[in-house]
Amino acid sequence: MKIKARLTLGVGLLFFLIILLAGVSAKYINALTTDTENILVANYNTLDYSRQMLLALDEDMTTDVSIKKFSNNLRRQQNNITEVGERELTERLANDYEKLKLNPNQELLYVSIRKDLTDLMLINMQAIERKSNIAKQTAKTANMWIAVTGTLCFLIAFSLLINLPRSIANPIKEITRSIKEIASQKYSERVHFESSSEFGDLASAFNTMAEKLEEYDSSNLAKLLMEKKRIETLINNMHDPVIGLDENKRILFVNDEALKISGLKSNDVIGKKAQDIAVTNDLIRSLIKDLMLPEKNSESKINQPMKIYADNKESYFEKELLNIEITPTGESTKQLIGHVIVLRNITPFKELDFAKTNFIATVSHELKTPISSILMSLKLLEDNRVGNVNEEQKLLVQNIKDDSERLLKITSELLNITQVETGKIQLTLQQTNPKEIIQYAVESTRALAEQSNIKIEIKAANNLPQITADSEKTSWVLTNLITNAIRYSYENSKVIVEVKEVVDGQPMLNFSVQDFGKGIDSKYRDKIFDRYFQVPGSSKSGTGLGLAISKEFINAQGGKIWMESELTTGSKFSFQLAVASV
Ligand code: ADP
């Protein structure tokens, strides 16, 4: 039943019950009133008239007042005949009164009239008693009916009071609960109400909505699951090992390649803390090492390629650590939600690099012998015992000699760099006199300096301490720095070679080569020691390897090398090596 109909019926029923109760009460009150009125009008009046007539009789019936009083009351009584036998008694009374009027002194008539009157009064008193019993009965019946109707009204009103609000409030409560369930994403929630009420319509609309939401949710979920699968497959099929961590360094995913190189099993790592896995796994330990550092340090880290032995072969990987940050919906600040470690497999490049290094090493080694023999032959050509060469031929021989020496320098630099690249720098560290190094370097560059009329100035104290160094490699470095200084200086200028003792944590010897040439722009300061780097616009005759090899040689001996330069005022290259402990 519709709520509207139910409310109308309930209120209507109450209304009807009130009317019924009022009707029943009115009916019985009316009956009781009639009963009492009956007594009052029909019998009480007769008693009163009879009493008045008796009083008149007791007074003197000869007086006009008494006769009039009696006559009036008799007339009234004649108009108020209500009981059985009352008419006959009244008529007899009237006859006796008529006789009395004719014979006022006849005593017997008085007696007879008195008897008539008392009979009349008796009849009416009996009637009063009977009617009072009837009224009592009416009151009893009224009580009973009012009680029955009242109880009925009470029961119906009570049942309405209990059921009507409940029948409206309960479905509302149920709907509210279901809406809350839906709000907490439990889309399987349904409500079931009697279909004919408005709540039935509401329930069916609600169920349709829930069904659609459920369908939408499950289709979305399926889509999301599909996307997740796709991404997982993508990551798994990547040739580079990938490991994903959440913001608490808990492992979220590890692709097949990463499992292969780490020797781990997916079930053993997913959901576990990386730190816990790192305890037993060296690879994971070195991978998360940077993550465990305070953030600013880990970012500026330059990652060295990692050599990993897996799958029966050595592979090289370059580690890349990505911090995953998102800006949550409605917020403006970024939030870290995890990290991804990608190991880029650089084995093919490394293999190519090895091949290149080997090739350079072989070629430069093979070139060294013919170049040396060319230089030997040129030396013989210069000797007069072999034969005289004219001035023009001498010039040609000199050119060939210069080019051959350059070739020899280049091949030796190439050989050196192959040593550096293969990590095979062989050092012979021993106590060395710095003066010998300076002397060797200056001697071997003197001819070059003289060509441009450049003076090499040496500033070195007499009592310089000995250093722990590979004298051959250090001499090579100093020679290279002086050669550069001469090459990039203007003619007729000077190059200052200075050696002095400094304390940088420990006693050190500082070698510096200063020129007054064109200098180097400060923006190249970081790149100048890189392999194959040449300042743009400078002479291309070199290889760009000299400074790179110098750096490796000095670093290998535990020293450091740096450059200070101003464009136009010249450059100053310096290196530092430890003083030998006595
Ligand atoms: P190269 O064989 O080209 O000289 P280096 O590694 O010795 O290789 O030097 C790298 C580059 O640095 C050079 O090409 C040159 O441009 C620059 N350079 C080196 N030394 C000096 C210097 N003293 N003055 C100016 N530029 C220099």
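Residues numbered from 1 in each chain as written. Predicted model: local features only at pLDDT ≥ 70, side-chain atom pairs only at ≥ 80, totals over all residues. Heavy atoms only, no water.

Description of the overall build of the protein chain
Applied cut-off: Helix numbering and strand numbering both begin at the N terminus, where a helix is a DSSP run of H or I of at least 4 residues and a strand a DSSP run of E of at least 2. We take the radius of gyration over the C-alpha atoms and set the globule estimate at 2.2 Å times the residue count to the 0.38 power. Partly exposed describes any residue whose relative accessible area lies between the buried limit of under 20% and the exposed limit of over 50%, with all areas from a 1.4 Å probe on protein chains only and scaled to the type maximum. Should any heavy atoms of two residues lie within 4.5 Å, those residues are counted as being in contact. To be clear on the numbers: accessible area is Shrake-Rupley with a 1.4 Å probe, and residue cover counts the displayed protein chains and nothing else.
Check the secondary structure of the protein chain and you find 15 helices and 12 strands. Against the globule reference of 25 Å for 582 residues, the protein chain gives a C-alpha radius of gyration of 67 Å, more extended than a compact globule. Projected onto its principal axes, the C-alpha positions of the protein chain cover 220 × 50 × 50 Å. Every one of the 582 residues in the protein chain was classed for burial, and the buried ones make up 35%. For the protein chain, contacts bridging at least 24 residues in sequence account for 64% of all contacts bridging at least 6. Accessible area of the protein chain: about 35,700 Å², with a carbon and sulfur share of 56%.

What to know about helix α12 (residues 391-421)
Heads up, the condition is: Expected span of a helix: the number of residues minus one, times 1.5 Å.
Taking 1.5 Å of rise per residue, the 31 residues of α12 would be expected to cover 45 Å, and the 45 Å separating its terminal C-alpha atoms lies within 8% of that figure. Buried residues of α12: Val 397, Lys 401, Ser 404, Thr 411, Ser 412, Glu 413, Leu 415, Asn 416, Ile 417, Thr 418, Val 420 and Glu 421, and no others. Residues of α12 that are buried in the fold lie against α11 (347-382), α14 (471-487) and α15 (546-556). Just past α12, the residue Gly 423 takes up positive phi, approximately 70°.

Description of the sheet that holds strand β5 (residues 335-345)
Which entries qualify depends on this criterion: For two strands to be treated as a pair, DSSP must find at least two bridges joining them. Here the axes come from fitting lines to C-alpha atoms, over the contacting stretch only for helices, and the angles between their N-to-C directions go from 0 to 180 degrees.
One open sheet accounts for five strands, arranged β2-β1-β5-β4-β3; its pairing is antiparallel. Every interior strand has two partners, whereas the edge strands, β2 (251-254) and β3 (306-310), have only one. Taking each pair of neighbouring strands and ignoring which way they run, the sheet shows an average axis angle of 25°. Relative to β5, strand β4 (residues 313-326) is paired through 10 bridges, and the arrangement is antiparallel. Bridge pairing in β5 links Asn 323 to His 339.

Looking at helix α5 (residues 198-237)
Given a rise of 1.5 Å per residue, 40 residues ought to cover 58 Å, and the 58 Å separating the end C-alpha atoms of α5 matches this to within 8%. Contacts from the buried residues of α5 go to α1 (3-58), α4 (107-183), β1 (242-246) and β2.

Some details on the packing of α12 against α15
Here is the rule we go by: With respect to orientation, any angle under 35 degrees is reported as roughly parallel, any angle over 145 as roughly antiparallel, any angle of 65 to 115 as roughly perpendicular, and every other angle as oblique. Left-handed describes a crossing in which the near helix is turned anticlockwise from the far one by less than a right angle; the clockwise case is right-handed. Classification convention: Asp, Glu, Lys, Arg as charged; Ala, Val, Leu, Ile, Met, Phe, Trp, Tyr, Cys, Pro as nonpolar; all other residues, Gly among them, as polar.
One can describe the packing of α12 onto α15 by two numbers: an axis separation of 10 Å at closest approach and a directional angle of 45°. If you check the angle between α12 and α15, you find them oblique. Note on packing geometry: the crossing formed by α12 with α15 is left-handed. For the pair α12 and α15, the contacting residues are Glu 413, Asn 416, Ile 417 and Val 420 in the first and Gly 546, Ile 549, Glu 552 and Phe 553 in the second. Class assignment of the residues belonging to the contact of α12 with α15 gives a composition of four nonpolar, two polar and two charged.

Details of the site of the ligand
Formally: We call a residue near a molecule or strand whenever a single non-hydrogen atom of that residue lies within 4 Å of it. For this analysis, a polar contact is any N or O atom pair within 3.5 Å, provided that within protein one partner can donate a hydrogen and the other can accept it, and provided that sequence-adjacent residues contribute only side-chain to side-chain pairs.
Close contacts around the ligand come from 20 residues, with Asn 484, Asp 515, Gln 534, Ser 538 and Leu 547 the closest. In the environment of the ligand, an oxygen atom lies 2.7 Å from a nitrogen or oxygen atom belonging to the side chain of Asn 484. For the ligand, whose unbound accessible area comes to 530 Å², protein coverage reaches 99%. Put simply, the parts of the chain that give the shell around the ligand at least two residues each are α14, α15 and β12 (570-578). Examining the composition of the shell around the ligand, we find that three residues originate from one element, α14, more than from any other. Partitioned by chemical class, the residues of the shell around the ligand number nine nonpolar, nine polar and two charged.

Description of the environment of His 365
Within the secondary structure, His 365 sits in helix α11. The exposure class of His 365 is partly exposed, given its relative accessible area of 47%. Between the C-alpha atoms of His 365 and Ser 412, which are 47 residues apart in sequence, the distance is 8.2 Å. If sequence neighbours within four positions are ignored, His 365 has contacts with Ile 360 and Leu 415.

Digging into unusual backbone geometry
Phi is positive for Gln 185, which is not a glycine, with a value near 65°. Structurally, the position occupied by Gln 185 is in the loop between α4 and α5. In the Ramachandran plot, Thr 568 falls in the positive-phi region, its phi being about 80° despite a non-glycine side chain.

What to know about the packing of aromatic side chains
Quick reminder of the rule: Side-chain rings of Phe, Tyr and Trp (the six-membered ring for Trp) are treated as a pair once their centres are within 6.5 Å; stacked means planes under 30 degrees apart, edge-to-face means over 60, and tilted covers the remaining angles. Throughout this description, the term charge over a ring refers to an Arg CZ or Lys NZ atom that lies within 6 Å of the ring centre and within 35 degrees of the ring normal.
A full pass over the atoms with the stated rule returns seven aromatic pairs. Each ring, one from Trp 476 and one from Phe 553, has its centre 5.8 Å from the other, and the planes form 75°; the classification is edge-to-face. With a gap of 77 residues between them, Trp 476 in helix α14 and Phe 553 in helix α15 connect regions that are remote in the sequence. Measuring from centroid to centroid gives 6.2 Å for Phe 529 and Phe 573, while their planes differ by 80°, and the two rings are edge-to-face. Remark: Phe 573 occurs in strand β12 and Phe 529 occurs in the loop between β10 (507-515) and α15; sequence separation between them is 44 residues. Taken as a pair, Phe 529 and Phe 573 share a single burial class, namely buried. For Lys 350, the ring lying beneath its charged end belongs to Tyr 316, and the centroid distance is 5.6 Å. In this arrangement the basic side chain of Lys 473 is found over the ring face of Phe 553, its NZ or CZ atom lying 5.4 Å from the centre.

A look at a nonpolar patch on the surface
The test is simple: Exposure above 30% relative accessible area and the lack of any salt bridge qualify a residue for a patch; like charges then connect within 9 Å, and the nonpolar side chains Val, Leu, Ile, Met, Phe, Trp and Tyr within 5 Å. Here a salt bridge means any side-chain nitrogen of Lys or Arg lying within 4 Å of a carboxyl oxygen belonging to Asp or Glu.
A surface patch of nonpolar side chains, amounting to about 520 Å² of accessible area, comprises Phe 154, Leu 155, Phe 158, Leu 161 and Ile 162. As for its position among the elements, Phe 154 is in helix α4.

Here we look at the pattern of salt bridges
A complete count under the given rule lists 32 salt bridges for this structure. The partner of Arg 92 in a salt bridge is Asp 116, and the shortest N-O contact between them spans 3.1 Å. On the criterion of sequence distance, the pair formed by Arg 92 in helix α3 (residues 86-102) and Asp 116 in helix α4 is long-range, its members being 24 residues apart. With a relative accessible area of 40%, Arg 92 lands in the partly exposed category. Here Asp 116 falls in the buried class, since its relative accessible area comes to 3%.

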